[in-house]
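Summary of structural features
Each chain, letter by letter, is given below.
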Amino acid sequence: MTARTRTYGQYCGLARAMELVGERWALLIVRDLVLGPKRYNELRAGLPKIPPSLLSARLNELEESGVIRRRVRPDLDAGLVYELTQYGSELDQILLDLGLWGARSLSHPGPDDVFTLDAAILSLFTTFQAEAAAGVQITFEIQYHNTMILHAMIDNGDLKVSEGRYPEADLIIRAGQGSALLDVIGGHLTPAEAVANGSVSIEGDVRDLELFTRLFRLTSAPEPKNGVSVH
């Protein structure tokens with residue numbers, strides 16, 4: 001393993017973790033590989049604001065650290081892909097927990113913010129309430145801007161999410177913008193209010209949208225307090 005030039009000088013597991021995956025863009029690369037191997041151009045498409053030279057540098061660093069590896073897939077043309085190693089795949093739950101923590105502070109997206117398919121899929125895993133899904137069998141199809149479509153299948157506490165339509169979905173949810181569902185699962189709008197104001201439209205029963213908000217839930221971060229706390 002190549003020695004790193006940027007270190008914290010701390011004999012600490014957290015410091016070492018930050019040395020391995022704490023550089024700018026590194027964890028987002030890992031995020032996009034959690035769902036499966038990707039070619040370089042697929043990573044570029046999911047991270048459109050990263051300079052190509054920086055993406056290459058981060059991939060090299062993550063490979064040197066044993067977090068990712070390159071593999072040739074003979075079933076693909078130009079079949080070189082990047083994928084997580086076993087060591088790297090151990091980050092998946094950490095990423096979900098960190099993503100949930102960060103999502104609690106999300107507001108509405110800025111005009112230049114990118115909402116990708118991978119981010120949409122992982123947001124469902126992040127906010128999924130497995131205990132509320134015990135004994136539940138239902139499939140949701142979710143459409144964002146009519147350009148990005150995925151479906152979520154719940155089967156007695158288990159969640160599977162995939163890209164594309166699901167012809168026999170129990171409920172089709174159309175969200176006009178990425179934050180529309182965030183407002184609903186965050187409790188800022190009731191399902192009925194979201195449908196009434198047009199931020200969300202559905203094909204199916206609004207009661208299934210209410211179930212959706214129980215299966216996928218997000219609590220807001222506490223408001224910061226100014227000044228010095230005195231106890």
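Before reading on, note that the structure itself is shown above.
A few points on the structure. What you see as residue numbers is a count from 1 along each chain, following the sequence as written. Given that this is a predicted model, residues contribute local features only at a pLDDT of at least 70 and side-chain atom pairs are listed and counted only at 80 or more, while totals for whole chains, interfaces and linings are drawn from all residues. To get the side-chain values, all heavy atoms of the structure are used, and hydrogens and water are removed first.

Scanning the protein from N- to C-terminus turns up 10 helices and seven strands. Seen through its principal axes, the protein has C-alpha atoms that stretch 65 × 55 × 35 Å. For the protein, buried positions account for 37% of its 231 residues. When the accessible surface of the protein is split by element, carbon and sulfur atoms take 53% of a total near 13,700 Å². Labels follow the DSSP assignment, with helices taken as runs of H or I lasting at least four residues and strands as runs of E lasting at least two, numbered in each case from the N terminus. Remark: exposure states derive from per-residue accessible area (1.4 Å probe, protein chains only) relative to the maximum for the residue type, with buried under 20%, exposed over 50%, and partly exposed in between. Accessible areas in this description were obtained via Shrake-Rupley with a 1.4 Å probe; residue shielding takes into account the shown protein chains only.

Right, let's talk about the layout of surface pockets for a bit. The volume enclosed by the largest pocket comes to roughly 1,500 Å³. Points on a 1 Å grid over protein atoms alone make up a cavity when a 1.4 Å probe fits among them but cannot get out, and a pocket when they form an open set with protein on both sides within 12 Å along at least five of seven lines; lining residues each have an atom within 4 Å of a point. Together, 46 residues line the largest pocket, and Arg31, Leu106, Val114, Phe115 and Ala119 are the ones closest to its centre. For the lining of the largest pocket, the elements supplying multiple residues, two or more each, are helix H2 (26–34), helix H6 (92–103), helix H7 (117–127) and helix H8 (178–185). Element by element, the count of residues in the lining of the largest pocket is highest for H6, at eight residues. When residues are sorted by character, Ala, Val, Leu, Ile, Met, Phe, Trp, Tyr, Cys and Pro go into the nonpolar class, Asp, Glu, Lys and Arg into the charged class, and all the rest, Gly among them, into the polar class. A breakdown of the residues in the lining of the largest pocket according to their chemical character gives 26 nonpolar, 15 polar and five charged. Grid points are joined across faces, edges and corners, and a volume is the space filled by probe spheres set on the points. Here the second largest pocket defines a volume of roughly 330 Å³. Around the second largest pocket, the lining is made up of 17 residues, and of these Ala17, Val21, Leu27, Leu91 and Ile94 lie nearest the centre. Considering each element in turn, the lining of the second largest pocket owes the most residues, seven residues, to helix H1 (residues 13–21). When grouped by side-chain class, the residues that make up the lining of the second largest pocket number 12 nonpolar, three polar and two charged.

Turning to the nonpolar core, a few remarks are in order. Phe140, Ile154, Ile173, Phe212, Leu215 and Phe216 are the most contacted members of the largest nonpolar core, which has 33 residues in total. Among the elements of the structure, H7, strand E3 (137–144), strand E4 (148–155), strand E5 (158–163), strand E6 (171–175), H8 and helix H10 (206–215) are those that each provide at least two residues to this core. Considering each element in turn, this core owes the most residues, five residues, to H8. For this analysis, residues touch if any pair of their heavy atoms sits within 4.5 Å. Ignoring anything within four residues of it in the chain, the contact list for Phe140 reads Leu150, His151, Ala152, Ile154, Ala169, Leu171, Ile173, Asp208, Phe212, Leu215 and Phe216. Take the buried Ala, Val, Leu, Ile, Met, Phe, Trp, Tyr and Cys residues and link them wherever side-chain atoms come within 4.5 Å; each set so joined is a nonpolar core.

Take the side chain of Thr213 next. Note on placement: Thr213 falls in helix H10. Excluding residues that lie within four positions of it along the chain, Thr213 makes contacts with Val184 and Pro191.

All right, on to the environment of Ile202 then. Along the chain, the position of Ile202 falls in strand E7 (residues 200–203). Judged by its relative accessible area of 22%, Ile202 falls in the partly exposed class. Sequence-wise, Ile202 and Gln143 are 59 residues apart; in three dimensions their C-alpha atoms are separated by 9.9 Å.

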